[in-house]
Amino acid sequence: MTDQDVQAVEAVQAAIDGELRLLDPEVRARPDLVLELLDPEFTEIGASGRRWDAVSILSVTGDGSVSAQSPVEVSEMSATVLAPGIVHLTYCADNQGRRARRSSVWRLTESGWRMYFHQGTLVP
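Residue positions are counted from 1 within each chain, in the order its sequence is given. Side-chain atom pairs in this predicted model are given and counted only at pLDDT of 80 or more, local residue features only at pLDDT of at least 70, and totals for whole chains, interfaces and linings cover all residues. The side-chain numbers reported here are obtained from all heavy atoms of the structure, hydrogens and water having been left aside.

Working definition: helices are DSSP H or I runs of at least four residues, strands are E runs of at least two. Numbering for both runs from the N terminus. When you line up the elements, Arg102 lands in strand β5 (residues 98-109). Among buried charged residues, Arg102 stands out as having no salt bridge; its nearest opposite-charge side chain is Glu44, 4.3 Å away. Throughout, a contact is declared for two residues whenever any of their heavy atoms are within 4.5 Å. Beyond its immediate stretch of four places on either side in the chain, Arg102 contacts Glu44, Ala47, Leu89, Thr90, Tyr91, Ala93, His118, Gln119 and Gly120. Accessible area is worked out with a 1.4 Å probe on protein chains only. A residue is then buried under 20% of its type maximum, exposed over 50%, and partly exposed in between. The charge count includes Lys and Arg as positive and Asp and Glu as negative, but it does not include His or the ends of the chains. A pairing counts as a salt bridge when a side-chain nitrogen of Lys or Arg comes within 4 Å of a carboxyl oxygen of Asp or Glu.

In structure tokens form, the structure reads like this:
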């Protein structure tokens, strides 16, 4: 395995680990932990069609509405390195019967891997 292959595997794993951390109810309930994982330029287009940024996401996740009793189930996780320091993830998420296809772009920053962009699309 070349150095480039090793770096790609490490990048994919870092993005997957970060994504799963953001889906963890205990992390989502703590704004400080969420901010560690979101890029300062983070944007999201939610399953509702609403556009979010880090501040608006924190207003929802930090309001006590995230329940540890409702973990998100993830399936079909796939990752692609788009360029050095940029990873694209896609997967399906099921949160209490609400299914969505999700797509995230992670980028490597001076402080580690951070989610730069996220989009969710509801599926029947």
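It is worth spelling out the nonpolar core at this point. The nonpolar core is taken to be a set of buried Ala, Val, Leu, Ile, Met, Phe, Trp, Tyr and Cys residues, with the residues joined through side-chain atoms within 4.5 Å. In terms of nonpolar packing, the biggest core is built from 20 residues, with Leu22, Leu38, Phe42, Val87, Leu89, Trp106 and Met115 touching the most fellow members. Elements that contribute at least two residues to this core include exactly α1 (3-23), α3 (31-37), β1 (38-45), α4 (54-61), β4 (86-95) and β6 (112-122). Among the elements that make up this core, the one with the highest residue count is α1 (5 residues).

What follows is about the pattern of salt bridges. Taken as a whole, this structure holds 4 salt bridges when the rule is applied. When the shortest N-O distance is used, the salt bridge between Asp39 and Arg107 registers 2.8 Å. Residue Asp39 is found in strand β1, and its partner Arg107 is found in strand β5; the two are separated by 68 residues along the sequence. On the basis of relative accessibility, which here comes to 2%, the residue Asp39 falls in the buried class. Looking at Arg107, the relative accessible area reads 23%, which means it is partly exposed. With a closest N to O distance of 3.6 Å, Glu41 and Arg107 form a salt bridge. Note that Glu41 is positioned in strand β1 and Arg107 in strand β5, a separation of 66 residues in sequence.

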